[in-house]
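Each chain, written out:
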Amino acid sequence: MIVRTPPMGWNSWNTFGWNINEELIKTTADAMVENGLLDAGYQYLVIDDCWAERVRDKNHRLVPSREKFPNGMKAVADYVHSKGLKFGMYSCSGTLTCAGFPSSYEYEFIDAETFASWGVDYLKYDYCFKPQHEEGHLLYKRMGMALANCGRDILFSACSWGADETHKWIKTTGAHMWRSTGDISDNWNSIKSLYEKQAELQPFNGKGCFNDMDMLVVGMGGKGNVALGGCTVEEYRTHFSIWAFFNSPLIIGCDVREMKPETIHILTNKDIIAINQDPAQRQPFMANGLHGNSVWCKELEGGDLAVGMFNMTDNNQIPYFIFSDIGLNRSAGRALEITDLWTGQKLGVFRDQYRARLIGPHESIVLRCKLVKE
Ligand code: GLA
């Protein structure tokens, strides 16, 4: 299975944590379709930790919680599939999951076959309770082999939080995406620290195995399992813009059954999603990192450029970039025709440099630029 663009979907953890059940998953599937998320590209519905019984069955197979999922997982998967979505689940490479449920260590091949028999299309695979004598890369390799041989295409989402220098070995496993950072929480400091960490890890991202900056907190509004303060709408917009710009998987974490209009507006911006899903998946680079003026550029398939201006500071800013800083010197004889992707406004044709409008703390501007003859 080859994954060419960052996976998009929804995951239960950020909002619901332990508090999951069949009804929640079904109503979430309905809402993903009704609210236009599936149409926008959010394809995977993923159940995170806390779905299992504490004990395996007599054949050593994992058993879904009888209370939370009384009809078993196949029934849930069938419902999710009937909506045109794909179905994801969670396990862990250690002896227990992070929340203390049975995990796949030394049951990898049995579990991969169980997931395949339920109709699972995506497996998030965590790193808690790793036995000390084991090497992490071997545990991911083993599950990678189990999934590749289970008879079903299952996207392998590794979640070792960047620990043990994951970036050095993750592409030797079967992983299609890998958590390059620690857990997100719903506040600006968390978003900023994940951005800073990820900025260094850009060279390791790419088609086939994507750097995963963790699930989105857009729209959580300070409510739910990882809510620690909440963010403003502008901060959510910046968070989404950065994740999209950095080619991270876009996995929604809010309650999609109760989204405010501004949440839907952020999560379904087709132009921003197009930058994330660009077929070339080129590495973004910093165009001007001086004085907290974090301007990033990315070459897109077809010749356009994306420019992301992220105000990570606590002050107002007038972000700018000079075209020679992205390799477009005067001698090229090209100007940039610039569109603002959040307002939809065509800003005009610019030569030599672009100075944006004044933006507040934590705000951002994302541009799409077409090269035109001067
Ligand atoms: C770890 C992961 C989270 C979530 C929890 C579940 O902390 O990084 O994303 O899956 O485990 O227990």
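Residues numbered from 1 in each chain as written. Predicted model: local features only at pLDDT ≥ 70, side-chain atom pairs only at ≥ 80, totals over all residues. Heavy atoms only, no water.

A.B. asks: Whenever I open this one, the overall build of the protein chain confuses me. Can you help?
C.D. replies: Scanning the protein chain from N- to C-terminus turns up 11 helices and 16 strands. The C-alpha atoms of the protein chain give a radius of gyration of 21 Å, which matches the 21 Å a tight globule of 374 residues would have. For the protein chain, the residues scored as buried account for 57% of the 374 residues in total. Within the protein chain, counting contacts between residues at least 6 apart in sequence, those at least 24 apart form 72% of the total. Put simply, the protein chain shows about 15,200 Å² of open surface, and 49% of that area lies on carbon and sulfur atoms. Measuring between centres, the 38 positive side-chain charges of the protein chain sit 4 Å from its 45 negative side-chain charges. (Helix = DSSP H or I, 4+ residues; strand = E, 2+ residues; numbered from the N terminus. Rg over C-alpha atoms; globule rule 2.2 N^0.38 Å. Buried < 20%, exposed > 50% of the residue type's maximum accessible area, 1.4 Å probe, protein only. Contact = heavy atoms within 4.5 Å. Areas by Shrake-Rupley, 256 points an atom, 1.4 Å probe, with all protein chains shown as cover. Lys, Arg positive; Asp, Glu negative; His and termini not counted. Charge placed at Lys NZ, Arg CZ, Asp CG, Glu CD.)

A.B. asks: Can you help me understand unusual backbone geometry in this one?
C.D. replies: Most peptide bonds adopt trans geometry, and most residues besides glycine take a negative phi value. One non-glycine residue, His 60, lies in positive phi territory at about 70°. Of note, His 60 is situated in the loop between strand S2 (44–46) and helix H4 (72–82). Residues other than glycine seldom take positive phi values, yet Gln 281 does so here, at roughly 50°. Here Gln 281 is to be found in the loop between helix H11 (270–276) and strand S9 (285–288). Residue Gln 281 is classed as buried on the basis of its relative accessible area of 8%.

A.B. asks: For this particular structure, what's the right way to read the sheet that holds strand S11 (residues 305–311)?
C.D. replies: Hydrogen bonds along the backbone pair up the strands of a sheet, which may run parallel or antiparallel. The six strands lie next to each other as S9-S10-S11-S16-S13-S14, forming an open sheet whose pairing is antiparallel. Among the strands making up the open sheet, the edge pair consists of S9 and strand S14 (346–350). Across the sheet, the mean angle from the axis of one strand to that of its neighbour is 30°, orientation sign disregarded. In this sheet, S11 lies alongside strand S10 (residues 293–299) in antiparallel orientation, the contact comprising seven bridges. Looking across to S11, one finds that Trp 296 is bridged to Gly 308. Along the sheet face, helix H8 (residues 188–201) touches S9, S10 and S11 and points at about 55° away from the line of S10. Strands in contact with helix H9 (residues 233–245) are S10, S11 and strand S16 (364–373); relative to S11, the strand with the most contacts, it is inclined by about 140°. (Pairing = 2+ DSSP bridges. Axes fitted to C-alpha atoms, helices over the stretch in contact; angles between N-to-C directions.)

A.B. asks: I keep staring at the nonpolar core and nothing clicks. Help me out?
C.D. replies: Generally speaking, a soluble globular protein has its nonpolar side chains buried in company with each other. Residues Tyr 42, Trp 51, Phe 240 and Leu 267 are the most contacted members of the largest nonpolar core, which totals 88 residues. Sorting elements by how many residues they give to this core places H9 first, with six residues. Here this core spans two domains, and each of domain 1 (8–276) and domain 2 (285–373) adds at least three residues to it. Ignoring any residue separated from it by four or fewer positions in sequence, one finds Leu 267 in contact with Leu 37, Tyr 42, Leu 216, Val 218, Phe 240, Ile 252, Cys 254, Met 259 and Ile 273. Ranked by size, the runner-up nonpolar core spans 18 residues in total, among them Ala 287, Val 295, Ile 338 and Tyr 354. (Core = buried A, V, L, I, M, F, W, Y, C linked by side-chain atoms within 4.5 Å. Domains from an automatic or database assignment.)

A.B. asks: Could you clarify how one ought to interpret the environment of Ser 190 in this entry?
C.D. replies: Structurally, the position occupied by Ser 190 is in helix H8. Taking relative accessible area as the criterion, Ser 190 reaches 8% and is therefore assigned buried. When the C-alpha positions of Ser 190 and Leu 228 are compared, they lie 9.5 Å apart, and in sequence the two are 38 residues distant. Residues in contact with Ser 190, not counting those within four places in the same chain, are Asp 183, Ile 184 and Ser 185.

A.B. asks: How should I be thinking about the pairing of strand S5 (residues 155–158) in this particular structure?
C.D. replies: Of the two faces of S5, the one carrying Leu 155 and Ser 157 and the one carrying Phe 156 and Ala 158 are both buried. In this structure, strand S4 (residues 122–126) lies alongside S5, joined through four bridges in parallel fashion. Bridge pairing in S5 links Tyr 122 to Leu 155. In this region the chain leaves S4, passes through helix H6 (residues 136–148) and returns to the parallel neighbour S5; the handedness of that crossover is right-handed. (Right-handed = clockwise from strand over helix to strand, strands pointing away.)

A.B. asks: Is there a simple way to think about the site of the ligand in this case?
C.D. replies: Looking at the ligand, there are 13 residues lining it, with Asp 48, Asp 49, Lys 124, Asp 126 and Asp 183 nearest. Residue Asp 126 places a side-chain N or O atom 2.9 Å away from an oxygen atom belonging to the ligand. Between the ligand and Asp 183 there is a distance of 2.6 Å, counted from an oxygen atom to a side-chain nitrogen or oxygen. Burial of the ligand by the protein amounts to 93% of the accessible area it has alone, namely 310 Å². Here the shell around the ligand is built from residues that sort into seven nonpolar, no polar and six charged. (Near = heavy atom within 4 Å. Polar contact = N/O pair within 3.5 Å; in protein donor to acceptor, adjacent residues only side chain to side chain. Nonpolar A, V, L, I, M, F, W, Y, C, P; charged D, E, K, R; others polar.)

A.B. asks: Can you walk me through the domain arrangement of the protein chain in this structure?
C.D. replies: In many reports, interface size means the accessible area that the parts give up when they come together. Considered domain by domain, the protein chain is made up of domain 1 (8–276) and domain 2 (285–373). A straight line from the C-alpha centre of domain 1 to that of domain 2 covers 32 Å. Across the contact, 22 residues belong to domain 1 and 18 residues belong to domain 2. With both sides pooled, the region where domain 1 packs onto domain 2 buries about 1,900 Å², and carbon together with sulfur makes up 70% of that total. (Buried area = accessible area lost by both parts, 1.4 Å probe.)

A.B. asks: Just checking my understanding: could you explain the packing of aromatic side chains for this structure?
C.D. replies: In this description, an aromatic ring pair is defined by two values, namely the gap between the centres and the angle between the planes. For the structure shown, the criterion picks out 17 aromatic pairs. A connected cluster of aromatic rings, assembled from ring pairs, spans Tyr 125, Tyr 127, Tyr 140, Phe 156, Trp 161 and Trp 169. Above the face of the Trp 18 ring, Lys 68 is positioned so that its terminal group lies 3.7 Å from the ring centre. (Phe/Tyr/Trp six-rings, centres within 6.5 Å; stacked < 30°, edge-to-face > 60°. Lys NZ or Arg CZ within 6 Å of the ring centre and 35° of its normal.)

A.B. asks: Please explain the state of the cysteines as it appears in this structure.
C.D. replies: Chemically, a disulfide is nothing more than a covalent bond linking the sulfur atoms of two cysteines. Scanning the entire structure with this criterion turns up one disulfide. Across the disulfide from Cys 98 sits Cys 128; the S-S distance is 2.1 Å. Residues Cys 98 and Cys 128 are joined by a disulfide whose S-S torsion is about 95°; by sign, that bridge is right-handed. Of this pair, Cys 98 sits in the loop between strand S3 (86–92) and helix H5 (108–118) while Cys 128 sits in the loop between S4 and H6, and the two are 30 residues apart along the sequence. Given the relative accessible area of 33%, Cys 98 is considered partly exposed. Judged by its relative accessible area of 16%, Cys 128 falls in the buried class. No disulfide involves Cys 369; its sulfur sits 7.2 Å from that of Cys 297, the nearest cysteine. The exposure class of Cys 369 is buried, given its relative accessible area of 0%. (Disulfide = S-S within 2.5 Å.)

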